[in-house]
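# Descriptive analysis of the structure
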Amino acid sequence: MMMPRLVPRWPAWLFCWRAACIQGASVRQKMWAGPSKIPGLGGPRGAWGTSPLVPRGSCSASSRTPEVMLTPERYPVRRLPFSVVSEDDLAALERVVPGRVITDPEELEPPNVDWLRTVRGSSKVLLRPRTTQEVAHILRYCHERNLAVNPQGGNTGMVGGSTPVFDEIILSTALMNQVLSFHDVSGVLVCQAGCVLEALSQYVEERGFIMPLDLGAKGSCHIGGNVATNAGGLRVLRYGSLRGTVLGLEVVLADGTVLNCLTSLRKDNTGYDLKQLFIGSEGTLGVITAVSILCPPKPSTVNVAFLGCPGFAEVLQTFRTCRAMLGEILSAFEFMDAECMKLVRLHLGLSCPVQESPFYVLIETAGSGPGHDAEKLGCFLEQVLDSGLVTDGTLGSDERRIKMLWALRERITEALSRDGYVYKYDLSLPLDRLYDLVGDLRARLGPSAKHVVGYGHLGDGNLHLNVTSEAFSTSLLGALEPYVYEWTAGQRGSVSAEHGLGFKKKDVLGYSKPPEALQLMRQLKALLDPKGILNPYKMLPTHA
C-alpha cells in the first residue's frame, strides 16, 4: 500500500485520510423520500416516510403552522378571464382519469402551497394522470373549455412556479413514475416525467451509472420538473446542464397535441432542436411527459474535502488551484459563508467539523482509481495548506462521512426556512464579484434584516443570496428590490441562475434579457399556447 509522504505542516487528519482513501470509497448513501414506484425498486417508496410534496428537510403544511397568505392578497396580480371549473367539467375529467380527480380540500391544501410557504393558490381540482394519452385528453378538454392548468411535479421550486396563483387546475405528474427503458452500454435512461430524482439515482446506480444532476430536493423533485426548470444543482461543474444531457422529450402541447421527440441519439442534426424550447420553459409551452437523458458511469471512488478559508479571495484562489491540480476528477466545488454555518448549527444542530472560518468550501472528487485520486487530492491539499489558502479541513471517503459533510451544504436551505421569512435570490455573477453583493446588502439593510447569507456553486459562478426576517416586510422587500437586480444587471449577470423565474421573478426578466428577446418569447408563447392556459402568471413579465 502506498504510504503518505511525511510533510511536517500537514495536520494529522490528512495523514489518516490519505492512507484510508487508498483502500477505496463509495458514493454517498442516498436518503429515500416520497411515494414513487420504479421497476426494480420494489414498490411504493412512501415506506421511507417523507411527504411526496415536501423536499427532504422541509416542513410540511399543518394546522400548527400559520396559514399562508393567498398569492393575490400579497402580490398585485389579477385573474385572467379563464373559465371556472363546473360540475360538468368534473364529470368529463372523471371519465378521462377515473378515480383520480381530487376535490377534497384537505388533499388540495399541500399542492396549493409552495414548500417555502410563501405563495398559496386556491385550486379546487387536482388531476393525477398515469399516461401521456391521459394528459393529452386533459389538455385537449381544458383548451376547448378555456380552463387554466398548473402542471406540478414535486412542488419543490423556489420561485412559485409550480403552485397555482388562482384556481387553475393542478395537473400532477406524481403517478407518471415508470422507467420506460435503460441501455446499460450507452447509459441512456428513458422515463416518465413523474419519476423522483432520487429513485432514478438509485435505479441507475444499481446498473453502474449515476444521474447527471443532483439536488438538495432530490428526495421529492420530479425529473420532468427538473427539465422544465432546467435545474442546475451540484454536478453542473462536472457534467454540464440539462440542456446538454437531455437527449429527447415527449411533450403535450396546450391543445392536446403530443410532440414525440423522445430520441435516444447522441447526435441528431435534423432541423430545429425543438426539445430546447421546453427545457427551462417552466410548463408554459407544454407539459413534459417523458424524458430521455444520458447518464454518466458511476465513479468507483468518491472523496469529499471540507475546508476553511480566511477570506473570499482565498476561496477563489483555492478554486483556481483545485481546477489546475485535480482536473478530470473534480466533480463539485461549493462554498458557504460563516453565517450559513451558524444557521445550520443553530436550527439543525449540525456541528462544524473544522475550526471557525469566515468561509468554507466543499470539494468533491469522483474517479475510478483510489490511489490515483488520493495522490492528486493529497498534492492539492498540501499546496493550499502550505500557501495559507486553507487554514483547516477534514475529509471523508466513506459513505457516512461523505453524507455528513454534504449535509452541511445541502441543508442550508432548510436552516434558512426555520430562521423566518426568506427572501431568495439565485444569481449568476462574474467570479471575482460573486460575494461583493452580500457585504453590500449587510451594510445597506442593517438591523432590518435578521441574516444576510451567501453560498452556492462557485464552480458555476452561482450565488445563492438569502435574507431572513421575522416576518414578511414590504419595507425590507423595497430595500432589496429592484436594488439586487440592478446590481446584478450592472455586472452583466443573470437574475436567475438555476431556479427559474416562476411567479415571483417573472417581472425581473428584463434585467437579464433585451426587449427583443422578451418579444420573441411572447411570440413563442402565443404560437404554442394561444389561449394562455398553461401555467399562467408565470415566467413572462406582466407588462410589455
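Before any of the text, the structure's been laid out above.
Now for a description of the structure that goes with this document. (Residues numbered from 1 in each chain as written. Predicted model: local features only at pLDDT ≥ 70, side-chain atom pairs only at ≥ 80, totals over all residues. Heavy atoms only, no water.)

## Remarks on a negative patch on the surface
The line we're drawing: Surface patches are drawn from residues lacking salt bridges whose relative accessible area is over 30%; two like charges belong together within 9 Å, two nonpolar side chains (Val, Leu, Ile, Met, Phe, Trp, Tyr) within 5 Å. Each accessible area is a Shrake-Rupley estimate made with a 1.4 Å probe; only the visible protein chains count as cover when residues are assessed. In what follows, salt bridge is the name for a side-chain nitrogen of Lys or Arg lying within 4 Å of a carboxyl oxygen of Asp or Glu. Charge assignment: positive for Lys and Arg, negative for Asp and Glu; neither His nor the chain ends contribute. By convention, the point assigned to a charge is CZ for Arg, NZ for Lys, CD for Glu and CG for Asp. Numbered from the N terminus, helices here are DSSP runs of H or I no shorter than four residues, and strands are runs of E no shorter than two. Only protein chains enter the accessibility calculation, which uses a 1.4 Å probe; a residue is then buried when its area is under 20% of its type maximum, exposed when over 50%, and partly exposed in between.
On the surface, Asp104, Glu106, Glu107 and Glu109 cluster together into a negatively charged patch. Considering the arrangement of structural elements, one finds glutamate 109 in the loop between α4 (105–108) and β2 (126–127). The partly exposed category is assigned to glutamate 109, whose relative accessible area is 40%.

## Considerations on the packing of aromatic side chains
We count it as follows: Paired rings are identified among Phe, Tyr and Trp, the last through its six-membered ring, by centres lying within 6.5 Å, and are further divided according to the angle between planes into stacked (under 30 degrees), edge-to-face (over 60) and tilted (the rest).
One pass over the full model with this rule turns up 16 aromatic pairs. Seen in terms of ring centroids, phenylalanine 306 and tyrosine 360 are 5.7 Å apart; in terms of plane orientation they differ by 25 degrees. Their pairing is stacked. Taken as a pair, phenylalanine 306 in strand β10 (residues 301–309) and tyrosine 360 in strand β12 (residues 359–367) lie far apart in primary sequence, 54 residues in all. Under the relative-accessibility criterion, phenylalanine 306 is labelled buried at 1%. For tyrosine 360, a relative accessible area of 2% gives the class buried. Between the aromatic rings of phenylalanine 335 and tyrosine 435, the centroid separation amounts to 6.3 Å while the plane-to-plane angle is 80 degrees, which identifies the pairing as edge-to-face. Of the two residues, phenylalanine 335 is situated in strand β11 (residues 330–337) and tyrosine 435 in the loop between β14 (421–428) and α16 (436–445); the sequence distance between them amounts to 100 residues. Accessibility classification places phenylalanine 335 together with tyrosine 435 in one group, the buried group.

## Quick look at helix α11 (residues 312–326)
The α-helix winds at 3.6 residues per turn, so residues separated by three or four positions along the chain end up facing the same way. The line we're drawing: Expected span, for any helix, means 1.5 Å times one less than how many residues it has. Contact criterion: two residues are considered in contact whenever any of their non-hydrogen atoms come within 4.5 Å of each other.
With 15 residues, α11 should reach 21 Å at 1.5 Å per residue; the first-to-last C-alpha distance of 20 Å fits that figure. Taken together, the buried positions of α11 are Phe312, Val315, Leu316, Thr318, Phe319, Thr321, Cys322 and Leu326. Structurally, α11 contributes buried residues whose contacts are with β10, β11, β12 and α13 (370–386). Of the residues trailing α11, glycine 327 is marked for its positive phi of about 50 degrees.

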